[in-house]
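Fold and geometry: a report
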Amino acid sequence: MKVLANDGISKSGIKTLEKAGFEVLTTKVAQEQVANYINTHDIKVILVRSATKVKQDIIDACPGIQIIGRGGVGMDNIDVDYARSKGIHVINTPASSSESVAELVFAHLFTGIRFLHDANRNMPLEGDTNFNGLKKAYAEGLELRGKTLGIIGFGRIGQAVAKMALGLGMRVIAADKYVSDATIRVDFYNGQFINVDMITEPLEDVLKHSDFITIHVPAQDGYVLDKAEFDIMKNDVGIVNCARGGVINEVALVEALDAEKVLFAGLDVFENEPTPEIQILMHPKISLTPHIGAATLEAQDRIGTELAEQIISLLKNK
Ligand SMILES: O=C(O)[C@H](O)COP(=O)(O)O
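Residues numbered from 1 in each chain as written. Predicted model: local features only at pLDDT ≥ 70, side-chain atom pairs only at ≥ 80, totals over all residues. Heavy atoms only, no water.

Per an unreviewed UniProt entry, the chain goes by D-3-phosphoglycerate dehydrogenase and derives from Flavobacterium terrigena. For the chain, the Sequence similarities (unreviewed entry) comment in UniProt is given as "Belongs to the D-isomer specific 2-hydroxyacid dehydrogenase family." (UniProt positions renumbered as here; feature names shortened; annotations may be inferred.)

**Quick word on the overall build of the chain**
Looking only at helices and strands, one finds 13 helices and 13 strands in the chain. By the compact-globule yardstick of 20 Å for 318 residues, the chain fits well, its C-alpha radius of gyration being 22 Å. Each of the three principal axes of the chain carries a C-alpha extent, and together these read 60 × 50 × 40 Å. A burial count over the chain gives 47% of its 318 residues as buried. (Helix = DSSP H or I, 4+ residues; strand = E, 2+ residues; numbered from the N terminus. Rg over C-alpha atoms; globule rule 2.2 N^0.38 Å. Buried < 20%, exposed > 50% of the residue type's maximum accessible area, 1.4 Å probe, protein only.)

**Concerning the layout of surface pockets**
Taken as a whole, the largest pocket spans an internal volume of roughly 1100 Å³. For the largest pocket, the lining is made up of 43 residues, of which His216, Val217, Pro218, Ala219 and Ala243 are closest to its centre. Residues belonging to the lining of the largest pocket are distributed by class as follows: 20 nonpolar, 13 polar and ten charged. For the lining of the largest pocket, the domains that each give at least three residues are domain 1 (2–92 + 297–317) and domain 2 (97–288). Within this model, the second largest pocket holds a volume of roughly 540 Å³. For the second largest pocket, the lining is made up of 22 residues, of which Ser50, Lys53, Phe270, Glu273 and His291 are closest to its centre. (1 Å grid on protein atoms, 1.4 Å probe; cavity = no way out; pocket = protein on both sides within 12 Å on 5 of 7 lines; lining within 4 Å. Points joined across faces, edges and corners; volume = space filled by probe spheres on them. Nonpolar A, V, L, I, M, F, W, Y, C, P; charged D, E, K, R; others polar. Domains from an automatic or database assignment.)

**So, helix 1 (residues 11–19)**
Within helix 1, burial applies to Ser12, Gly13 and Leu17. The arc that holds every buried residue of helix 1, seen down its axis, measures 130°, which confines them to one face. Facing away from the buried side of helix 1 by more than 90 degrees, the exposed set consists of Lys11, Lys15 and Lys19. Lining the buried residues of helix 1 we find strand 1 (2–5), strand 2 (23–25) and helix 13 (297–315). (Arc of directions from axis to C-beta. Contact = heavy atoms within 4.5 Å.)

**Some remarks on the UniProt feature "domain: D-isomer specific 2-hydroxyacid dehydrogenase NAD-binding" (unreviewed entry) in the chain**
The feature "domain: D-isomer specific 2-hydroxyacid dehydrogenase NAD-binding" (unreviewed entry), as annotated in UniProt, sits at residues 107–293 in this numbering. Helix makes up 33% of residues 107–293 and strand 22%, and the two end C-alpha atoms of the span are 10 Å apart.

**With respect to the sheet that holds strand 4 (residues 67–70)**
Read from one edge to the other, the open sheet built from five strands follows the order 2-1-3-4-5, with strand pairing classed as parallel. The sheet terminates laterally at strand 2 and strand 5 (89–92), the two strands that pair on one side only. Looking at each pair of strands side by side, their axes are set apart by 20° on average, direction ignored. Relative to strand 5, strand 4 runs parallel, the two sharing four bridges. Within the sheet, the bridge partner assigned to Ile68 lies in strand 5 and is Val90. Helix 13 contacts strand 3 (43–48), strand 4 and strand 5 of the sheet and is inclined by roughly 155° relative to strand 5. (Pairing = 2+ DSSP bridges. Axes fitted to C-alpha atoms, helices over the stretch in contact; angles between N-to-C directions.)

If you want it as structure tokens, here you go:
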């Protein structure tokens, strides 16, 4: 039985699938060729990350598909309900990348408070006379310890961020439409841990009281952070988005950065992907990464193995 991993899959995933008798194809087929490729190669399982879209057109064109697998969390590139209504299994790996995404949040936070994005762009060339000016700006860096981190969206990833923030000595507050409380287990390398009980707060309170805000909600209709939300935040707040483009109004964000309301932004996701708007790309106060929250060897390894195990249990153990 053939599996097409159109956006790639880890070696561990391929090995597990091959051991169970599947043939795994990792050819990167262009979006417009996907349906034809699936049909001509008799593919039964299509695996994607966020790049390949599996919408109604592909589902209708490929009646042989039995499983659509998303290696990762967000399924906004798949018509999940429609696929399920046609009897197709749709699977993802919701827990595999939480730690990696959370670590990227802190990469952006540390970058923002110590101006790494600016330093990387502006280290002096020989004869450059501006560096002392830069050094003075960099001397206005901040520490995370003792600051308040506001987490919007308190699911698995939001809670993984909370765990790291508590470990760094930050105060953590969170808002979530659906989660009212959570116990955060802050665990240490030596096996010791402490549990911290948290109750979520209204969004407005989180916006008002946070020194830094990080957002962890799925793709949705409408912005979560728009001008009205920026207006009630503290001055010099830092913003991080490693969730989905489209949850922050980028025009309002740029205005807030230019008005010195927001100190910096760390963005892994954009309204336009893979190429963000030029105002975002070139902005001196924005630290940029190209949607790499889950792009660690460890996360991809877990994702590949977890997908493979789900496929085997759905198709081999019937
Ligand atoms: O939803 C996810 O899992 C992340 O956005 C990662 O997306 P990617 O698999 O395309 O890196």
